[in-house]
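Structural overview for review
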Amino acid sequence: MAKVKPPEVPVDAAPPPVRPEVAKAVGVRGERRRDALLAAARAVFLEAGYEGASIEAVMRRVGGSKASLYRYFGSKEGLFGDIIEAGCSDFMRGFKVPKQADDNVAETLTEIARRFVTVFLDAERRELFRIMIAEMPRFPALAQRFYENGPARARKLLGDYFQRQHDAGRLHCPDPEFAAVQFIEMVKAAPQHRAMLGLTPFLPGRDLEQHIAGVVDLFLHGCARAPATPPKDPSR
């Protein structure tokens, strides 16, 4: 009999907000223009890095005046920040967590893990992440913006799911937010680090599905030995 997948509810993830001072001027054409600027700028940052990217290079791709870009994004830092936030919004749109304590925790965690790994191993996302980390000492607000719009939101949603499963008695998660952090890091930390170092993302002999299955099994069952059953007393 085929397994019935638990109902999943997508997170409401809006695109990065338009700056308040220009919100009134942004209609359908304005949103299209803004999207075109973001797409062009993303390509420029990926090709040249943050330091090597220029507003002029972005405008050569889309045409128009630099004034329109500054009106939407305020600065080069603001432009890059909106690119990062757009990536977070895209990730969260596909991050699906059941609203209730479903009865197939392993299947749910497998789907969540697959979303994390495939997104964090995407080559362009890795490069943008690398650029952001390099610029963090100069622009700490940029890293904070990324964290609040991506990792913190995902951690909260997963933690809430673990809390529901704890309340239902299916998981023992007295600290669900801590459990969420541990699961996420088990899923993506090693593959992401290996990929950023130019290595194959998974340990030798493992592929994506084996990695995910191993993480889910370890998270749900741990490494502790089951206590040995004491021998029965024949006199009783």
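In what follows, the structure referred to is the one given above.
The rules behind these values
Residues numbered from 1 in each chain as written. Predicted model: local features only at pLDDT ≥ 70, side-chain atom pairs only at ≥ 80, totals over all residues. Heavy atoms only, no water. Helix = DSSP H or I, 4+ residues; strand = E, 2+ residues; numbered from the N terminus. Buried < 20%, exposed > 50% of the residue type's maximum accessible area, 1.4 Å probe, protein only. Contact = heavy atoms within 4.5 Å. Areas by Shrake-Rupley, 256 points an atom, 1.4 Å probe, with all protein chains shown as cover. Salt bridge = Lys/Arg side-chain N within 4 Å of Asp/Glu carboxyl O. Axes fitted to C-alpha atoms, helices over the stretch in contact; angles between N-to-C directions. Parallel < 35°, antiparallel > 145°, perpendicular 65-115°, else oblique. Left-handed = near helix turned anticlockwise from the far one by under 90°. Nonpolar A, V, L, I, M, F, W, Y, C, P; charged D, E, K, R; others polar.

Topic: the overall build of the protein
Of regular secondary structure, the protein possesses 10 helices and 2 strands. When burial is assessed residue by residue, the protein has 39% of its 236 residues classed as buried. Residue pairs at least 24 apart in sequence account for 72% of intrachain contacts in the protein once pairs closer than 6 positions are excluded. A total accessible area of about 13,600 Å² is found for the protein, and carbon and sulfur atoms account for 57% of it.

Side note on the pattern of salt bridges
According to the stated counting rule, one finds 16 salt bridges in the structure shown. With a shortest N-O distance of 2.8 Å, Arg114 and Glu111 are connected by a salt bridge. Here Glu111 and Arg114 lie together in helix α5 (residues 105-120), a separation of 3 residues that amounts to about one turn. With relative accessibility at 23%, the residue Arg114 sits in the partly exposed group.

Overview of the packing of α5 against helix α8 (residues 151-168)
Put simply, α5 and α8 touch, their axes get as near as 13 Å, and they point 175 degrees apart. Considering the angle they form, α5 stands roughly antiparallel to α8. Counting all contacts with α5, which are made through Val105, Thr108, Leu109, Ile112 and Phe116, the residues of α8 involved are Ala154, Leu158, Tyr161, Phe162 and Gln165.

Details of the environment of Tyr72
Mapped onto the elements, Tyr72 comes out in helix α3 (residues 66-73). Judged by its relative accessible area of 8%, Tyr72 falls in the buried class.

Concerning the packing of helix α2 (residues 55-62) against α3
Closest axis-to-axis distance for the α2/α3 pair is 10 Å, and the angle between their directions is 110 degrees. Classed by the angle they form, the pair α2 and α3 counts as roughly perpendicular. For α2 against α3, the interelement crossing comes out right-handed. The residues of α3 that touch α2, namely those facing Ile55, Glu56, Val58 and Met59, are Lys66, Ser68, Leu69 and Tyr70. Among the residues forming the contact of α2 with α3, the class breakdown is 5 nonpolar, 1 polar and 2 charged.

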